[in-house]
Amino acid sequence: MPQSKAPYFPDIPPELARRFRKTVDDTKYTRNIELFIEDMAPAKGARILEVGSGEGILVVMLCKMGFDAVGLEPGDAYVRNAARLLEHNELDPDRVLLGCAERMPFPDAFFDFVISYYTLEHVQDLEQTFREIERVLKPGGRTFHICPNYNSFFEGHFRVFMLPFMSKRAFRNYIRVLKWLKFGRDRMPSVEFADSLCFVRPQRVRAIGKLQPGLRLSESNGGVISVRHGRMVFGNRKLSEKLKRSRSRDALYKGVEIVNRLRLGGLLYTIMMRRKWYPNIKIVGTKESAESSRPIRMGASTINRH
Ligand SMILES: C[S@@+](CC[C@H](N)C(=O)[O-])C[C@H]1O[C@@H](n2cnc3c(N)ncnc32)[C@H](O)[C@@H]1O
């Protein structure tokens, strides 16, 4: 496998190289880490948990950057590959543990950061996942997630158009019809896979935030593509370059060009942001520290900070 240009990208063991070549895009991983670091500015040595860590690529990258990173992953094969990848990069193979987000095998108040990328749409119970995140975070600890927004017009696993308000049941039936019409042929995942998806939406994140006042949660546009100042722009320069390279094939990019030519970008951006129709959602949160939730004494009266 050709050496990656990304400075912290893992060295891939030869027995995994074939599999990794198909699935790994180092630009994507570097971009994901940059998003987290720009937002949260973690200190060197910070203890970071990646939930749904797959083959441990981000865990290796974070360790190489000087963080104390571990992964949690429910797939046996993924955990085995992660162990080989870690070992090959001279890191402890037990840094990726077998387990799921809804029941994390960690003590309370253990991590400075809990992060995930494209995992929340796969968990079985989103509400329980956030309860666990709050539990394992240290007071003042922070959480950062990027995943698809199901309040949008595109489902990336099936590569199909969808409607922002579609229920999961409606989406499942829609996939059934598409399969019956032989749309997408064998490349489309199964109807059961549609059942397994967790529809993460801004409204749902807000509701979780209300249920967990101890974890101050907020959500926003998770990037990839957005429209600003009358022009469609991409959330990240590196990704934008990549999309430009595949201009001729990329229907999305063509759509962007049409919108730009018609000068509809600004209007579309305003509508997308108001309706929260962005394709990816970014969720960030901070666990209340004992300090910030402690009542402040003021003379005879006592007030709460929050
Ligand atoms: C799309 S992959 C993303 C992997 C990795 N974060 C990356 O960016 O390469 C989603 C991952 O979530 C994991 N996953 C599925 N259900 C999960 C759960 N309940 N708890 C934690 N991880 C889960 C899957 O096994 C898979 O590795």
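If you're wondering where the values come from, they're calculated on a predicted model, not measured in any experiment. (Residues numbered from 1 in each chain as written. Predicted model: local features only at pLDDT ≥ 70, side-chain atom pairs only at ≥ 80, totals over all residues.)

Here we look at the nonpolar core
Soluble globular proteins tend to bury their nonpolar side chains together.
Phase 1: Formed by 48 residues in total, the largest nonpolar core has its most connected members in Ile48, Leu49, Val59, Leu62 and Val114.
Phase 2: At 7 residues, the largest contribution of residues to this core is made by helix α3 (residues 57-64).
Phase 3: Sequence-distant contacts of Val114, that is, excluding residues within four places in its chain, are made with Leu49, Val51, Ile133, Val136, Leu137 and Thr143. (Core = buried A, V, L, I, M, F, W, Y, C linked by C-beta atoms within 7 Å. Buried ≥ 20, exposed ≤ 12 C-beta atoms within 10 Å, placed from the backbone. Helix = DSSP H or I, 4+ residues; strand = E, 2+ residues; numbered from the N terminus. Contact = placed C-beta atoms within 7 Å.)

Description of the sheet that holds strand β2 (residues 68-73)
Phase 1: Pairing is mixed across the open sheet formed by 7 strands, whose spatial order is β3-β2-β1-β4-β5-β11-β8. With one partner strand each, in any of the chains shown, β3 (96-98) and β8 (215-221) form the two edges of the open sheet. Adjacent strand axes in the sheet meet at a mean angle of 20° when their direction is disregarded.
Phase 2: Running over the sheet, helix α2 (residues 26-40) touches β4 (111-117), β5 (137-148) and β11 (280-287) and is turned about 140° from β5.
Phase 3: Strands in contact with α3 are β1 (47-51), β2 and β3; relative to β2, the strand with the most contacts, it is inclined by about 170°. (Pairing = 2+ DSSP bridges. Axes fitted to C-alpha atoms, helices over the stretch in contact; angles between N-to-C directions.)

So, the pairing of β4
Note on strand geometry: in a regular strand, side chains alternate between the two faces of the sheet.
Phase 1: Most of β4 sits out of view: 6 of its 7 residues are buried.
Phase 2: Strand direction decides the pairing type here: β1 and β4, joined by 3 bridges, are parallel. Each residue of the ladder has a partner; that of Glu50, found in β4, is Ile115.
Phase 3: Here β4 runs beside β5; their pairing, made up of 6 bridges, is parallel. When the sheet's bridge partners are listed, Phe111 is paired in β5 with Leu137.

Some details on the site of the ligand
Phase 1: Not every one of the 18 residues close to the ligand is listed here, only the nearest: Gly52, Gly54, Cys100, Ala101 and His122.
Phase 2: Partitioned by chemical class, the residues of the shell around the ligand number 9 nonpolar, 7 polar and 2 charged. (Near = placed C-beta within 6 Å. Nonpolar A, V, L, I, M, F, W, Y, C, P; charged D, E, K, R; others polar.)

Focus on helix α6 (residues 168-180)
Phase 1: The terminal C-alpha atoms of α6 lie 18 Å apart, and with 13 residues this matches the ideal 18 Å at 1.5 Å per residue to within 8%.
Phase 2: Count one or two residues on from α6 and you reach Lys182, which has phi positive near 65°. (Expected span 1.5 Å × (residues − 1).)

What about unusual backbone geometry?
Phase 1: In this structure, Tyr118 takes a positive phi of about 50° despite not being glycine.
Phase 2: Its location among the elements puts Tyr118 in the loop between β4 and α5 (126-136).
Phase 3: Residue Tyr118 is classed as partly exposed on the basis of its 17 C-beta neighbours within 10 Å.

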